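# A look at the structure
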Amino acid sequence: MRYMQYKGVVEREYKKSLRKIMYEICVVEGLNASLGAKKLGVAKEIFIFWRHFYRLDKNQQVFDQAVSDLDQMKFLYLNEAKEIDSSRPLQHEAEESLQGLEELIDRMVEYYKCLHAESGGLATETGKLPLYEFAKELLTDYRNGDLLKEVKAQSDKASS
């Protein structure tokens, strides 16, 4: 028999499309090629062919999910980037203070968000964005006194 003949036999037996049958076996039940082929009553090579054809192999699914995530990320900062005015002057340019540092960190966050939006999420430089967001969070924790509390809690743990 040919692939299409096997397909017809399996679809008639399960009363579903082969795509749905393969999805249930590969994704829902998580069966490997040997067990899936045995369950359907077909040769392992046929099962592997169908699994690749419907992109239900684990590696294919991971790749497809990564592509989908990248596709969705290109819209992540699109609205924020429209509202950012990167040409506005710095208020604390001549200072070496926490306010100056905070302003520079905010500008870098804005820059990387704009870069991300302009590149459709594909600029590798935007990998620095989480670092600047973390630095901004640290400054906020420092101002709130949360960072001091955390340091004291860590030193208390270490001394006991």
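Up top is the structure.
Just so you know, these numbers come straight off a predicted model, no measurement behind them. The residue numbers shown here count from 1 along each chain, following its written sequence. Note on the predicted model: pLDDT of at least 70 is required for a residue's local features to be given, and 80 or more for side-chain atom pairs to be given and counted; whole-chain, interface and lining totals, by contrast, use all residues. Side-chain numbers come from the whole structure's heavy atoms, not from hydrogens or water.

### A few points about the nonpolar core
Note that soluble globular proteins tend to have their nonpolar side chains buried in a common cluster. Grouped together as the largest cluster of nonpolar side chains are 15 residues, with contacts concentrated most on V10, L18, M22, L40, V42, F47 and W50. In this description a helix means any DSSP run of H or I spanning at least four residues, a strand means any run of E spanning at least two, and both kinds are numbered starting from the N terminus. When residues of this core are traced back to their parent elements, those giving at least two are helix 2 (18–28), helix 3 (33–40) and helix 4 (44–53). Apart from residues no more than four positions distant in its own chain, V10 is found in contact with L18, I21, L40, V42 and W50. Core analysis: the second largest hydrophobic core is formed by 8 residues, I105, A123, L129 and L139 among them. Think of a nonpolar core as a cluster: buried Ala, Val, Leu, Ile, Met, Phe, Trp, Tyr and Cys residues, connected wherever their side-chain atoms sit within 4.5 Å. Each residue gets one of three labels from its accessible area relative to the maximum for its type: buried under 20%, exposed over 50%, partly exposed in between, using a 1.4 Å probe on protein chains only. Contact criterion: two residues are considered in contact whenever any of their non-hydrogen atoms come within 4.5 Å of each other.

### A few points about the pattern of salt bridges
Put simply, a salt bridge is a Lys or Arg side-chain nitrogen that is within 4 Å of an Asp or Glu carboxyl oxygen. By the definition in use, this model includes 8 salt bridges. K7 is paired through a salt bridge with E11; the nearest N and O atoms lie 3.9 Å apart. Of this pair, K7 and E11 both sit in helix 1 (residues 3–14), 4 residues apart, which is roughly one turn of the helix. On the accessibility criterion, K7 (22% relative accessible area) is partly exposed.

### A look at the packing of aromatic side chains
Only Phe, Tyr and Trp rings are paired, with Trp represented by its six-membered ring, and only when their centres lie within 6.5 Å; those with planes under 30 degrees apart are stacked, over 60 edge-to-face, the remainder tilted. This model, assessed by the stated rule, comprises 4 aromatic pairs. Their ring planes at 85° and their centres at 5.0 Å tell us that F53 and Y54 sit as a pair that is edge-to-face. Residue classification places F53 among the exposed residues on the basis of a relative accessible area of 55%. Within the aromatic cluster, the residues linked to one another by ring pairs are F49, F53 and Y54.

### Here's the deal with helix 4
When we look at burial in helix 4, the residues that qualify are I46, F47, W50 and R51. Around the axis of helix 4, the buried residues are gathered within 135° of arc, so they sit on the same side. In helix 4, the exposed residues that point more than 90 degrees away from the buried face are E45 and F53. A positive backbone phi angle near 55° is found at R55, which sits one or two residues after helix 4. Note: the arc covers the axis-to-C-beta directions of the helix.

### Section: unusual backbone geometry
In the Ramachandran plot, K15 falls in the positive-phi region, its phi being about 55° despite a non-glycine side chain. Along the polypeptide, K15 turns up in the loop between helix 1 and helix 2. On the accessibility criterion, K15 (73% relative accessible area) is exposed. The phi torsion at R55 lies on the positive side, around 55°, for a residue other than glycine. Within the secondary structure, R55 is located in the loop between helix 4 and helix 5 (58–73). Among the residues examined, R55 registers a relative accessible area of 34% and is labelled partly exposed.

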